[in-house]
Amino acid sequence: MTTKPLELPALETPPPSTRVTLRGAARTGHRFTIPRSVRRAAGPVGLVLLWFVTSATGVLPESVLASPVDVIKQAVELTRNGELPDAIAASGRRAATGFLIGGTIALGLSLLAGLFRLGEDVIDSSMGMFRAIPWVGLIPLFIVWFGIEETPKIALVALGVTYPLYFNIYGGIRSTDAQLVEAARMMGLGRLGLITYVILPSALPGALVGLRYALSTAWLALVFAEQINADAGLGYLMSNAQQYFRTDVIVLCLVVYALLGLACDFAVRILSRRLLTWRANFEGGA
């Protein structure tokens, strides 16, 4: 008995008109995808529009908060006479100096505590204790120690920067995979090679997270620091504006603080993408 081979039904090719329709639908769906940059900007733009509408309709009185138009006019005026650029330069110098001092201290302490058990025993518990002290509350003590010139302002910024950098770098070092360390030792890496090629690269993601926190904390600390008898900087402009109830200048200075912090955060994001190309990250769903 001969068996008849099984015949499969032939697949029908869709007509050209259907193929064109499907391609057009795919292109149409792709065309209406909102870019991420637009979605990220939707929140801030919406808040500014709400602020403008409530100010224009009188729901938000000018005595409570100046309108965005007044803030922009004041920004143009202060930029034209040079006050705003000078204030930004003075605040930037304080933030940069304090960040360098605090970052250097945090890096040294975190390496000692993370790489050596003796360093952990001596340093980590003390850092945990000092972190519980509100650094803003140390302003009167800094004035007693350093006076009312530039030193207490820079010291406050340095103190605010030290803690997030220290704990993130220390945590990154101690979270290194033990199996990876053991494999590196079996391959013949010594102490220095282990630190250079295994431990420090493993701690880099945590260090970059700490860097983001530290930069934002630096500008936050500067807001408080520049209230200490400042004669220049954004805090000086805010103090003068407070005396005359100039909410437009106060809001302008706060916006500048926010933009400076956003610029620093954007720079760290770019740095992270370049330094962590070897590390696959989850970027969220659609």
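Structural data are supplied above this passage.
Residues numbered from 1 in each chain as written. Predicted model: local features only at pLDDT ≥ 70, side-chain atom pairs only at ≥ 80, totals over all residues. Heavy atoms only, no water.

A.B. asks: How should the overall build of the protein be read in this particular structure?
C.D. replies: Secondary structure assignment for the protein yields 11 helices and zero strands. When the helices and strands of the protein are read in sequence order from the N terminus, they spell out α-α-α-α-α-α-α-α-α-α-α. Counting the 286 residues in the protein, one finds 34% classified as buried. The long-range share in the protein, meaning contacts at least 24 apart out of those at least 6 apart in sequence, stands at 72%. Accessible surface computed for the protein: about 18,700 Å², of which carbon and sulfur atoms make up 67%. (Helix = DSSP H or I, 4+ residues; strand = E, 2+ residues; numbered from the N terminus. Buried < 20%, exposed > 50% of the residue type's maximum accessible area, 1.4 Å probe, protein only. Contact = heavy atoms within 4.5 Å. Areas by Shrake-Rupley, 256 points an atom, 1.4 Å probe, with all protein chains shown as cover.)

A.B. asks: I tried to follow the packing of aromatic side chains on my own but got confused; where do I start?
C.D. replies: Both the distance between ring centres and the angle between the ring planes are used here to describe each pair of aromatic rings. What the rule picks out here adds up to five aromatic pairs. Ring geometry for Phe142 versus Trp145: centroids 6.0 Å apart, planes at 35 degrees, classification tilted. Remark: Trp145 and Phe142 occur in helix 6 (residues 139-146); sequence separation between them is three residues, near one turn of the helix. A relative accessible area of 7% places Phe142 in the buried class. Relative to Phe167, the ring of Tyr166 has its centre 4.9 Å away and its plane inclined at 80 degrees; by these criteria the two rings are edge-to-face. Under the relative-accessibility criterion, Tyr166 is labelled buried at 0%. The ring of Phe167 carries Arg131 above its face, with NZ or CZ at 4.2 Å from the centroid. (Phe/Tyr/Trp six-rings, centres within 6.5 Å; stacked < 30°, edge-to-face > 60°. Lys NZ or Arg CZ within 6 Å of the ring centre and 35° of its normal.)

A.B. asks: So what exactly am I meant to see when it comes to helix 8 (residues 178-186) here?
C.D. replies: Each α-helix turn comprises 3.6 residues. Residues three or four places apart therefore point the same way. At the N-terminal boundary of helix 8, the capping side chain belongs to Asp177, with an oxygen 3.1 Å from the backbone nitrogen of Gln179. Two residues or fewer past helix 8, Gly188 is found with a positive phi of approximately 100 degrees. (Polar contact = N/O pair within 3.5 Å; in protein donor to acceptor, adjacent residues only side chain to side chain.)

A.B. asks: Hey, could you run me through unusual backbone geometry in this one?
C.D. replies: In the Ramachandran plot, Phe245 falls in the positive-phi region, its phi being about 55 degrees despite a non-glycine side chain. Looking at the element boundaries, Phe245 is found in the loop between helix 10 (234-243) and helix 11 (247-275). The exposure class assigned to Phe245 is exposed, which follows from its relative accessible area of 71%.

A.B. asks: Whenever I open this one, a nonpolar patch on the surface confuses me. Can you help?
C.D. replies: Where nonpolar side chains cluster on the molecular surface, the patch consists of Leu141, Val144, Trp145 and Phe146 and spans about 430 Å² of accessible area. Within the secondary structure layout, Leu141 lies in helix 6. Residue Leu141 is classed as partly exposed on the basis of its relative accessible area, which comes to 36%. (Patch = residues over 30% accessible without salt bridge, like charges linked within 9 Å, V, L, I, M, F, W, Y side chains within 5 Å. Salt bridge = Lys/Arg side-chain N within 4 Å of Asp/Glu carboxyl O.)

A.B. asks: When you look at the packing of helix 4 (residues 83-115) against helix 7 (residues 150-174) in this model, what are you seeing that I'm missing?
C.D. replies: Between two packed helices, what matters for the description is the angle formed by their axes and the separation of those axes. In contact at an axis separation of 6 Å, helix 4 and helix 7 are set at 35 degrees when each is read in the N-to-C sense. The interaxial crossing formed by helix 4 with helix 7 has right-handed handedness. Tallied by class, the residues present in the contact of helix 4 with helix 7 amount to 19 nonpolar, seven polar and four charged. (Axes fitted to C-alpha atoms, helices over the stretch in contact; angles between N-to-C directions. Left-handed = near helix turned anticlockwise from the far one by under 90°. Nonpolar A, V, L, I, M, F, W, Y, C, P; charged D, E, K, R; others polar.)

A.B. asks: Is there a simple way to think about the pattern of salt bridges in this case?
C.D. replies: It is possible for side chains bearing opposite charge to pair when their charged atoms get close. Enumeration according to the criterion identifies six salt bridges in this entry. Of the charged contacts, one joins Arg94 and Glu150 as a salt bridge, the two residues approaching to 2.8 Å between their closest N and O atoms. Taken as a pair, Arg94 in helix 4 and Glu150 in helix 7 lie far apart in primary sequence, 56 residues in all. Note on Arg94: relative accessible area 3%, which makes it buried. Relative accessible area serves as the criterion here: at 33%, Glu150 is assigned to the partly exposed category. Two residues, Asp265 and Arg269, come together in a salt bridge whose shortest N-O distance is 3.2 Å. One end of the pair, Asp265, and the other, Arg269, are both in helix 11, four residues apart, so they sit about a helical turn from each other.

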